[in-house]
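Residues per chain, in single letters:
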Amino acid sequence: MSLNESISSVKGIGEKTEKLFNKLDIYTKSDLLKYFPKGYERFDEIKHIDEVTEGQVCAIYALLKGGVAVRSGRRLKITACEVTDGTGVMSLTWFNMPFLRSSLKQGVHYVFRGNIIKKNGSVKMEQPKIMSIEEYTLKQKVLQPIYPLTKGITSLMISKAEKNAIKELYAGLDYLEPKFRKEKDLMALKDAIEEIHFPKSDDVMLDARKRLVFDEFFLFLLAAKAEKSDMADKKSIYKIDTDIKTKKLIADLPYKLTGAQERTFSEMEFDMKEGFIMNRLIQGDVGSGKTILAALALCLVAENGYQGALMAPTEVLARQHYDELTGLFDPLGIKVTLIVGSMSAKEKKAAYELIASHETDIVIGTHALIQEKVVYDKLALVITDEQHRFGVKQREKLMAKGDKPHVCVMSATPIPRTLAVILYGDLDISIVDELPKGRKAIKNCVVGNSYREKAYSFINKEIMAGHQVYIICPMVSESEKTDAENVEDYTESLKEVFDPRVRIASLYGKMSADEKNRVMEDFSNGKIDILVSTTVVEVGVNVPNATVMLIENAERFGLAQLHQLRGRVGRGDAQSYCIFMAGNTSPEVMERLNILNNSNDGFKIAEEDLRLRGPGDLFGIRQSGDLSFNIGDIYNDASVLKEASDAASCISTNDAKTILEKAEVFYSNAFCFGKEGNVL
Ligand code: ADP
Ligand code: MG
């Protein structure tokens, strides 16, 4: 029996369910077992009405006093009632659940559990769950896993499938020796997987989680180590003798390079001209102008008779780079070719031929760049943009396409120095810490829901002035909804708010690559006024005419990620604005968000983000804008990252390779994040 078998061999998964699971990127048993809960539902002690706190999920045990009223709102049927527990009265409302009028009985006590909100000065619950006290007491005894879902799949279905798949785990699966585990105080892999899905207690769950987070960091670091050793021979075979075209490119730019850009490029140039193999990370805040640095380095290898490749995590970004670099390179007689997943087989074949025959100098694309069929001729430089979106394996694959090429990775995620040293210990680092002159600083504001109407009218004004707007949609909290449904619902409701002439479109990760390209192109060409999106827009796109970003539920994002998002505006000459809309305005939330209000400096924000993290964040705010680990989060799990790093540094390169091979049995492909067409 193999964990790589299709999930259709798991008891209870038929053809139809299999398709639904596939939608969640679960294909094999090991995919299923690695589909970890994103959190656990906790059923805390019941609270008195006079003790509940705004913004928290609470349970009360209260008596239904009067009747239950149903009225029709603009789009919804609203059911409302009042309950009391002797310490106070609370009003409850439900949307589209008119049947409650007959099922809730006057004079009966119920447990009501839901998010506490404040309206007109008094606390209330919207959409609370209703239970008997007996039901509630039972639930209090276990931690209920919460899985990210899609339409047609419930948490219960996933739990059942996990239960069956877990039976196939065996002790020998663990790639770590018992002695090593004991030293590092790590749970066995088999137990950790079982406990993460069905924890016996909080403590055991935390131990299980620690083991799995450790694995992710540890294997990532070992993979980086193995990669580095393959480059141990630091001498490059690519001779760089001339830089005439590169100098001309710089001279013909419509702007002068910033000091930081000049310094960084001379570091890159030095590596390549001196005959070393470049292995460099370029870290620069959003908008600091990294693309031109990539262009210059690519120009340098091209004019010396070599090929260069630039890999971007999304088609949208790859196309944007392609357009920009074609414009720069055409006058210099340097040829650029694009390869992306959505191209037809015929187009791809033509591109492959151009590359193999060296008729093209520069190749730009997505993961499609590393497919088997692409054969390069003298690939001397490999650049990956927004590198945090790629796994080590993908970078490795691209490097394997050349013969020890120069490697440069670019990241717009300013991460705290202490973490960068661990994660990128194998790379030289250049920091682009200066923005081009003349940029107007983005004006920020942090507001609560009550400001929404004003925000919309402000947005309307900007649109009338010919500008464009991003709205980052609230994240899905109710797990019944998918991101896609959520974005679409929000978009529909916006259409009711704005004049029909305002063109509104939506964008989310699960759209096909073609659809995403079309939407981004339309937005880029000014054919869309408001783009409602999930965080997919966070990656590198450049639409200078967009001047407003409204971020809903800003409190649910990490600060560094919010900063990345905000970087989509403030790219043109006009004044730009970022509105952080907080779903709750508790003092802690406001303190955190105000850091963004007061600073536009990504490094400073990242440091603060790390400082403000507490133990409660393990399943809370994730920094999904950063290295895309599955369960670990470099901020929340900084201490485990340190442990993994210490452990990895004691392991020889040869042992590292052996360990990685053993780990493949369960973690196959785990370090090759981002399936094509899946990440935008
Ligand atoms: P990022 O570092 O976020 O990738 P980009 O490379 O997309 O930033 O650059 C953002 C914008 O700044 C682009 O429109 C680019 O043409 C412009 N730009 C880059 N360098 C300079 C400079 N030195 N002076 C003025 N504008 C610049
Ligand atoms: Mg960029």
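Residues numbered from 1 in each chain as written. Chains lettered and ligands numbered in written order. Predicted model: local features only at pLDDT ≥ 70, side-chain atom pairs only at ≥ 80, totals over all residues. Heavy atoms only, no water.

### Re the layout of surface pockets
By rolling a water-sized probe across the atoms, one finds the places where empty space is left.
At step 1: Estimated volume of the second largest pocket: approximately 860 Å³.
At step 2: Taken together, 38 residues form the lining of the second largest pocket, with Gly287, Gly289, Pro436, Arg439 and Asn542 sitting closest to its centre.
At step 3: For the lining of the second largest pocket, the secondary structure elements donating two or more residues are helix H10 (259–273), helix H11 (291–303) and helix H12 (315–329).
At step 4: Here the lining of the second largest pocket takes five residues from H12, the largest share from any one element.
At step 5: Of the residues contributing to the lining of the second largest pocket, the split by class is 12 nonpolar, 14 polar and 12 charged. (1 Å grid on protein atoms, 1.4 Å probe; cavity = no way out; pocket = protein on both sides within 12 Å on 5 of 7 lines; lining within 4 Å. Points joined across faces, edges and corners; volume = space filled by probe spheres on them. Helix = DSSP H or I, 4+ residues; strand = E, 2+ residues; numbered from the N terminus. Nonpolar A, V, L, I, M, F, W, Y, C, P; charged D, E, K, R; others polar.)

### Notes on the sheet that holds strand E14 (residues 379–384)
At step 1: The strand order across the open sheet formed by seven strands is E12-E13-E11-E14-E15-E10-E16, and the pairing between neighbours is parallel. Edge strands, defined here as strands with exactly one partner in the open sheet, are strand E12 (336–339) and strand E16 (428–432). Sheet twist, expressed as the average angle between the axes of neighbouring strands with direction ignored, equals 20°.
At step 2: On the sheet, H11 packs against strand E10 (279–284), strand E11 (307–311), strand E13 (362–365), E14, strand E15 (406–411) and E16 and is oriented at approximately 170° with respect to E14.
At step 3: Across the face of the sheet, H12 comes into contact with E11, E12 and E13 while running at roughly 170° to E12. (Pairing = 2+ DSSP bridges. Axes fitted to C-alpha atoms, helices over the stretch in contact; angles between N-to-C directions. Contact = heavy atoms within 4.5 Å.)

### Quick word on the sheet that holds strand E17 (residues 443–448)
The strands that make up a sheet are held in pairs by hydrogen bonds between backbone atoms, and each pair lies either parallel or antiparallel.
At step 1: The six strands lie next to each other as E17-E22-E21-E18-E20-E19, forming an open sheet whose pairing is parallel. The two strands at the open ends of the sheet, each matched to only one other strand, are E17 and strand E19 (504–507). Across the sheet, the axes of successive neighbouring strands diverge by a mean angle of 20°, strand direction being ignored.
At step 2: With respect to the sheet, helix H20 (residues 587–598) is in contact with E17 and strand E22 (577–582), its orientation differing from that of E17 by roughly 165°.

### What about the site of ligand 1?
At step 1: Not every one of the 16 residues close to ligand 1 is listed here, only the nearest: Gln261, Gly287, Lys290, Thr291 and Arg439.
At step 2: Residue Gly289 places a main-chain N or O atom 3.0 Å away from an oxygen atom belonging to ligand 1.
At step 3: Within the side chain of Arg439, one N or O atom sits 2.6 Å away from an oxygen atom of ligand 1.
At step 4: For ligand 1, whose free accessible area comes to 570 Å², the fraction covered by protein is 83%.
At step 5: In this structure the site holding ligand 1 corresponds to the second largest pocket.
At step 6: Looking at the shell around ligand 1 residue by residue, the classes come out as four nonpolar, seven polar and five charged. (Near = heavy atom within 4 Å. Polar contact = N/O pair within 3.5 Å; in protein donor to acceptor, adjacent residues only side chain to side chain. Areas by Shrake-Rupley, 256 points an atom, 1.4 Å probe, with all protein chains shown as cover. Sits in = over half its atoms within 2 Å of the grid points.)

### Notes on the packing of H10 against H11
At step 1: Here H10 crosses H11 at 30°, and the two axes come no closer than 10 Å. Accordingly, the angle class assigned to the pair H10 and H11 is roughly parallel. You can see that H10 and H11 cross each other, and the crossing is right-handed. Along its contact with H10, which presents Gln261, Thr264, Phe265, Met268, Glu269 and Met272, the element H11 presents Ile292, Leu293, Leu296, Ala297, Leu300 and Val301. (Parallel < 35°, antiparallel > 145°, perpendicular 65-115°, else oblique. Left-handed = near helix turned anticlockwise from the far one by under 90°.)

### Here we look at the pattern of salt bridges
At step 1: Counted according to the given criterion, the structure contains 28 salt bridges.
At step 2: Across the pair Glu5 and Lys29 runs a salt bridge, and its minimum N-O distance is 2.6 Å. Taken together, the positions of Glu5 in the segment before helix H1 (15–23) and Lys29 in helix H2 (residues 29–33) put the pair 24 residues apart, joining distant regions of the chain.
At step 3: For Glu5, a relative accessible area of 29% gives the class partly exposed.
At step 4: Residue class for Lys29 comes out buried when judged on its relative accessible area of 2%. (Salt bridge = Lys/Arg side-chain N within 4 Å of Asp/Glu carboxyl O. Buried < 20%, exposed > 50% of the residue type's maximum accessible area, 1.4 Å probe, protein only.)

### Quick notes on unusual backbone geometry
At step 1: The backbone phi angle of Lys378 is positive, close to 55°, even though this residue is not glycine.
At step 2: In this structure, Lys378 sits in the loop between E13 and E14.

### Some words on the pairing of strand E18 (residues 468–472)
At step 1: The element E18 is extensively covered by neighbouring structure, given that five of its five residues are classed as buried.
At step 2: Residues Gln468, Tyr470 and Ile472 of E18 are buried on one face, and the alternating residues Val469 and Ile471, pointing to the opposite face, are buried as well.
At step 3: In terms of strand pairing, E18 meets strand E21 (residues 546–551) through five bridges, oriented parallel. When the sheet's bridge partners are listed, Ile471 is paired in E21 with Leu550.
At step 4: The pairing of E18 with strand E20 (residues 530–533) spans four bridges and is classified as parallel. Along E20, the bridge assignment pairs Val469 with Ile530.

### Structural notes on the nonpolar core
At step 1: Counting residues in each nonpolar core, the largest one holds 75 residues, and the members touching the most others are Phe21, Leu212, Phe214, Phe218 and Ile634.
At step 2: Looking at this core element by element, the count peaks at 13 residues for helix H8 (residues 202–230).
At step 3: With sequence-adjacent residues up to four places away left out, Phe214 is seen in contact with Leu176, Phe180, Leu186, Val640, Glu643, Ala644 and Ala647.
At step 4: In this structure, Ala455, Cys473, Val502 and Ile551 belong to the second largest nonpolar core, which totals 55 residues. (Core = buried A, V, L, I, M, F, W, Y, C linked by side-chain atoms within 4.5 Å.)

### Regarding the confidence of the model for the protein
At step 1: The predicted model of the protein averages 86 in pLDDT, with 92% of residues at 70 or higher.
At step 2: Considering only residues more than four positions removed or in separate chains, one finds that residues 670–680, a stretch of pLDDT under 50, has 44 contacts. (pLDDT = per-residue confidence, 0-100.)

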